Amino acid sequence: MPFGLRPDDEQRALQETLHEIADEVIRPAARDAEEAGATPQELCDQIHEIGVTAPVEERYGGGGTFGAVTHCIAAEELAWGDPGIAYQALGSGITAIVIGLAGSDAQKGKWLPAFADASPARSFVAYAEKIAAGDLESLDTTIDGDKVSGEKYGVLDADRAQVGIVIGRSGDGIGAAVVEPDAFEVAKPEAKLGLEAAPTAIVRFSGEGETLDLSDELTAAILWSKLVTGAIAVGCARASLEYASQYAIEREAFGKPIGAFQGVSFKIADMATEVDAARLAVWRAAWKIDRREATLADVAEANSMALQTAVRCGDDGVQVLGGHGYIRDHPVEKWFRDAVTLSVFDSPDAAGDVMLARSVFA
Amino acid sequence: MIEFELHPTVAAVRDFVHQFADTKLRPLAREADEKGQLPTETIKELAQFAGNRASVMPETSSGDPSEKIGSMMAVVGSEELAWGDPAVLLNIPGPGLAAPSIHAAGTPEQKKRFLEDIFNVDSDEPRFGALAVTEPQAGSDVSNVQTTAVRDGDEWILNGQKIFCTNGARAEIVVINATVDKSLGRQGQKFFVIEKGTPGFNIGHIEKKMGLTASETAAFSLDDCRVPMFNLLGGEAALEPKGSGFKGTMKAFDRSRPSVAAMALGIGRAAYEYARDWVAAELPMSTPFARRATVENKLAQMKRELGAARGLVWQSAWMGDNEIPNSKEASMAKAYAPQAAMRACIGAIQIMGPEGYSKEHLVEKWFRDIKVYDIFEGTGQIQRVVISRAILGRLDK
């Protein structure tokens, strides 16, 4: 099939199901989850049940695997409901993606069944560091043989994770190791600007892990785990766009809906254009991951576009609502905070573009 | 399927056109810009290439309709041609922008006469078509068009002024819009074909422009210009209340906007690649870290934005090929690509510094050329009106 943008039947059905859940379940739960600093277990399980959070092959008791494009479609939809809850719900599953793609049979047999449960294992993929937030080529954490050593930021569910993956420097390249709780300790829980429904912590790693063998599969897996951030950003941006659009239709000023003024409507037009552009960039990178052709630069380009768009739409979303956007009665201020927080995990102005810049002369 | 691999035919067209752009268009760019025109011999050579035009130019892209790749071929072809040189591209003979409106509104007899008989002649004289909508007092606000058409038996008498018409002075045919009934507003505007040499069709001056200098931009007046009934696009039926009016005809441009956006993308890519190669060759690795990082970051941003623009262009073309309404998406491509390309051109000049503004290199020319892509074929502002109305509906009534 040549160039085309029509999701297949399965993807479309998934999109519809997730949109319904995002609209009816996730969004109403978002404020409470944010205030609680955690997503309710039942909600995580409900999302997990649909089968898009952790791809586990049938032979390990799961519901089957799926590709990065499908995963990105799902992530956008969940994040449209709430970026924080999406980050939480998808975060654990990313571990299953990495192990499922890059693990040995023994490793898969050891860890994957836990992700096939109705209430899947809590876990994380840790790559962000204090200085190299999203820049995989500047990591300080080392993976030396089985030895893992370093400090990671933004580690999801660190206090209750049964298993996790650390990305670090290994020799001249990037490596990954699976760790269990005896190899890490929480240094400090993070109180964050946004994405509070997904509790994270600063974590110190010191101990032994099981390395995942370097291969094209591991590269694809690491890139995939990063790209999910971009897909969540697209959903976050779209949420702001659609909310601001509806508001621009309903809110009146100077005797007209504010959307009749070009100062507002052009903002909406630009937001919509960039949301489409960002989604296309993410899909393109995902498609390359599925073909095992993706490079760091492809994901950096997509994430950079998506995160920049999410931040811009977050900002303009608040702007369109004016004072109403700034107060917590509306979700746009939250999505703005979520977008900026997301952007730190793969910072558009620092890490993403740095990796992209390196690729210019690659 | 979500798939980013180009159809093999489209990919082959891209490679073929790139080769042509690289070897034939690019070498002509500077001289064409300085002289403000191309030698006739060169245009004839381009006309030979135009024998293959059917596969790359939006207005006539045919191919096998069942393959649904006409617009995709048009956009990848347009990007490559404009990468070669946008002004030379506009000198490739053919019906040009006259075609979309004739395709959209013309009767089969009109299509045959104006698109086939006039252009498929056995002559190596280059032949052009043109479209003239803009008037001195009617730019983005097309409803303000003052040109009138009054029926006189089997003829129409046209009066008015048109400006900014690409290839207008040398065109075999020019499609214009004129008001037959002022009380009907835009719906009272109909499209007419004026043939070269018609009495009362008086060519005025050729514009001197910031860029695209080798592209002919003409003004003309219609002074009691008589055209036969046959030249009313859509024939008598167009005069009925539901006849092919302004809106329907302008819909044709949902097909051409992606190609115009693709041309902007091609110009931006030319500037990006030029600056990138210049940096690789000229900027010493010993350049202080901060300076080098700033340069690389700017290049990265250019690359990302051009990639995003290509996504929007391809999306809108693919929708057009698959008969999915794409008015909003075509406008998104047209709103985004020229501005991304403009940032790429400015960035390239700034990166190259004094060599950037120098006429020794082409980036200063691309900067002059790109500006008009955010203006013609619907300004960026008009595209945003289209996009926001698609989202918000019409709120200003």
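Quick notes on the rules
- Residues numbered from 1 in each chain as written.
- Chains lettered and ligands numbered in written order.
- Predicted model: local features only at pLDDT ≥ 70, side-chain atom pairs only at ≥ 80, totals over all residues.
- Contact = placed C-beta atoms within 7 Å.
- Helix = DSSP H or I, 4+ residues; strand = E, 2+ residues; numbered from the N terminus.
- Pairing = 2+ DSSP bridges.
- Domains from an automatic or database assignment.
- Nonpolar A, V, L, I, M, F, W, Y, C, P; charged D, E, K, R; others polar.
- Buried ≥ 20, exposed ≤ 12 C-beta atoms within 10 Å, placed from the backbone.
- Arc of directions from axis to C-beta.

Draft legend 1. Representation of the interface of chain A and chain B in the model. Taken together, the contacts link 37 residues of chain A with 37 residues of chain B. Listing elements by their share of the side of chain A that touches chain B, those giving two or more residues are strand E1 (4-5), helix H6 (216-250), strand E11 (256-257), helix H7 (262-290), helix H8 (296-321) and helix H11 (348-360) of chain A. It is H7(A) that provides the largest number of residues to the side of chain A that touches chain B, a total of 13 residues. Looking at chain direction, E1(A) and strand E1 (residues 2-3) of chain B are connected through two bridges and run antiparallel. Paired with A:Gly4 across the two strands is B:Glu3, which belongs to E1(B).

Draft legend 2. View of the domain arrangement of chain B. Residue and element names in this part refer to chain B. Under the domain assignment used here, chain B contains domain 1 (8-93), domain 2 (99-248) and domain 3 (250-392). The C-alpha centroid of domain 3 is placed 18 Å from the C-alpha centroid of domain 1. In this assembly, 20 residues from domain 1 lie in contact with 21 residues from domain 3. For the side of domain 1 that touches domain 3, the secondary structure elements donating two or more residues are helix H2 (29-35), helix H4 (70-84) and helix H5 (86-89). For the side of domain 1 that touches domain 3, the element with the highest residue contribution is H4, accounting for 11 residues. Looking at side-chain class alone, the side of domain 1 that touches domain 3 contains 12 nonpolar, three polar and five charged residues.

Draft legend 3. Spotlight on helix H2 (residues 41-49) of chain A. Residues and elements named next belong to chain A. Those residues of H2 that sit buried are Leu43, Cys44, Ile47 and His48. Projected onto a plane normal to the axis of H2, the buried residues spread over an arc of 135° and lie on a single side. Every exposed residue of H2 that faces more than 90 degrees away from the buried side is listed here: Gln41 and Glu42. In this fold, the buried residues of H2 make contact with helix H1 (9-36), helix H3 (68-81) and helix H4 (83-102). Once H2 finishes, glycine 51 follows within two positions and takes phi at roughly 95°, a positive value.

Draft legend 4. Highlighting the domain arrangement of chain A. All names here are of chain A. The domain architecture assigned to chain A consists of domain 1 (9-116), domain 2 (123-213) and domain 3 (217-360). If you average the C-alpha positions of domain 1 and of domain 2, the two centres end up 20 Å apart. Contacts between the two partners involve 24 residues from domain 1, matched on the other side by 20 residues from domain 2. Taken together, the elements giving at least two residues each to the side of domain 1 that touches domain 2 come down to H1, H4 and helix H5 (105-116). With 12 residues, the single largest contributor to the side of domain 1 that touches domain 2 is H4. Counted by class, the side of domain 1 that touches domain 2 contains 12 nonpolar, 10 polar and two charged residues.

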